[in-house]
Amino acid sequence: QQQVKQSPQSLIVQKGGIPIINCAYENTAFDYFPWYQQFPGKGPALLIAIRPDVSEKKEGRFTISFNKSAKQFSLHIMDSQPGDSATYFCAATESGNTPLVFGKGTRLSVIA
Amino acid sequence: GAVVSQHPSRVICKSGTSVKIECRSLDFQATTMFWYRQFPKKSLMLMATSNEGSKATYEQGVEKDKFLINHASLTLSTLTVTSAHPEDSSFYICSANSGVLAFFGQGTRLTVV
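Computed from a prediction, not measured in an experiment: that's the story for all the values here.

(A) Broad picture of the overall build of chain A. From N to C terminus, chain A includes zero helices and eleven strands. Sequence-ordered secondary structure for chain A, helices as α and strands as β, is β-β-β-β-β-β-β-β-β-β-β. For chain A, the C-alpha radius of gyration of 13 Å lies close to 13 Å, the compact-globule estimate for 112 residues. Expressed as a percentage of the 112 residues in chain A, the buried residues total 43%. Contacts spanning at least 24 positions in sequence make up 53% of the contacts within chain A whose residues lie at least 6 apart. Approximately 5400 Å² of chain A is accessible, and the part contributed by carbon and sulfur atoms is 49%. Positive and negative side-chain charges in chain A, numbering 11 and 8 respectively, have mean positions lying 6 Å apart.

See the structure below:
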């Protein structure tokens, strides 16, 4: 049973566009929701994270929107650039030293 | 941010040999580290939770005798792939938590020939 569902699987946008990646979770005990960016051959890098007590968090061009009642959260990338082309993973976990549960990833391509 | 260093980044070994991968938290202590495996174009699959000073906890389907984990100090966990076979070829990634934030190593590309 997949605990974090991520969509779409792949996404192509033009430079300057706003790709949106969506995730949904099932476990109501999750209380920390990070997004990771991964380039080929590299480990995932923490991009931005949110807790369920806020509905939105913005860091630079990256914004997380969180809907606790719907158990959904999404990543928006403003003014996307070709350098943003990577695979993005949403994740969720319970606070403390528990492992992350990852979505299946979204491969984003930003074309000039 | 916190740094997790993983070594080596790439390794090629012969079938039947063992390979050790190191994961270090450079600027923080981690009582728990996690080991993941990632297949091409797939998500990260949790293999095991490494606990400092005690036995690792393995996920269902992961052979503990094949993937030996040692967490001897608060900054170092090692994963040893024993008697490696070509099907063990994969990208292995470790992570450690600094507070609630999880940081990942650079990953190790293992190729068994």
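(B) Inspection of the sheet that holds strand E1 (residues 4-7) of chain A at higher detail. Residue and element names in this part refer to chain A. Strand order in the open sheet made by the five strands is E1-E3-E8-E7-E6, with antiparallel pairing throughout. Strand pairing shows two members of the sheet lacking a second neighbour, E1 and strand E6 (56-59), which therefore form its edges. Within this sheet the neighbouring strands show an average axis-to-axis angle of 15 degrees, counted without direction. Alignment of strand E7 (residues 62-67) against strand E8 (residues 72-77), held across six bridges, turns out to be antiparallel. Of the residues in E8, the one forming a bridge with phenylalanine 66 is phenylalanine 73.

(C) How the structure looks around the sheet that holds strand E1 (residues 4-7) of chain B. All names here are of chain B. Read across the open sheet, the four strands follow the order E1-E3-E8-E7; overall the sheet is antiparallel. In this open sheet, the two edge strands, each paired with only one partner strand, are E1 and strand E7 (67-73). Going across the sheet, the axis of each strand differs from the next one's by a mean of 15 degrees, ignoring polarity. Across six bridges, the pairing between strand E3 (residues 19-25) and strand E8 (residues 76-81) is antiparallel. In the strand pairing of E8, cysteine 23 is matched with serine 77.

(D) Main features of the packing of aromatic side chains. All names here are of chain A. Counted under the stated rule, the structure contains 15 aromatic pairs over all chains. Plain terms: the ring middles of phenylalanine 33 and phenylalanine 73 are 5.0 Å apart, the flat faces sit at 55 degrees to each other, and that makes the pair tilted. Taken together, the residues span a long stretch of sequence, with phenylalanine 33 in strand E4 (residues 33-38) and phenylalanine 73 in strand E8 at a distance of 40 residues. By the ring-pair criterion, three or more aromatic residues cluster together here, those being Tyr25, Phe30, Phe33, Trp35, Phe66 and Phe73.

About the criteria used
- Residues numbered from 1 in each chain as written.
- Chains lettered and ligands numbered in written order.
- Predicted model: local features only at pLDDT ≥ 70, side-chain atom pairs only at ≥ 80, totals over all residues.
- Heavy atoms only, no water.
- Helix = DSSP H or I, 4+ residues; strand = E, 2+ residues; numbered from the N terminus.
- Rg over C-alpha atoms; globule rule 2.2 N^0.38 Å.
- Buried < 20%, exposed > 50% of the residue type's maximum accessible area, 1.4 Å probe, protein only.
- Contact = heavy atoms within 4.5 Å.
- Areas by Shrake-Rupley, 256 points an atom, 1.4 Å probe, with all protein chains shown as cover.
- Lys, Arg positive; Asp, Glu negative; His and termini not counted.
- Charge placed at Lys NZ, Arg CZ, Asp CG, Glu CD.
- Pairing = 2+ DSSP bridges.
- Axes fitted to C-alpha atoms, helices over the stretch in contact; angles between N-to-C directions.
- Phe/Tyr/Trp six-rings, centres within 6.5 Å; stacked < 30°, edge-to-face > 60°.

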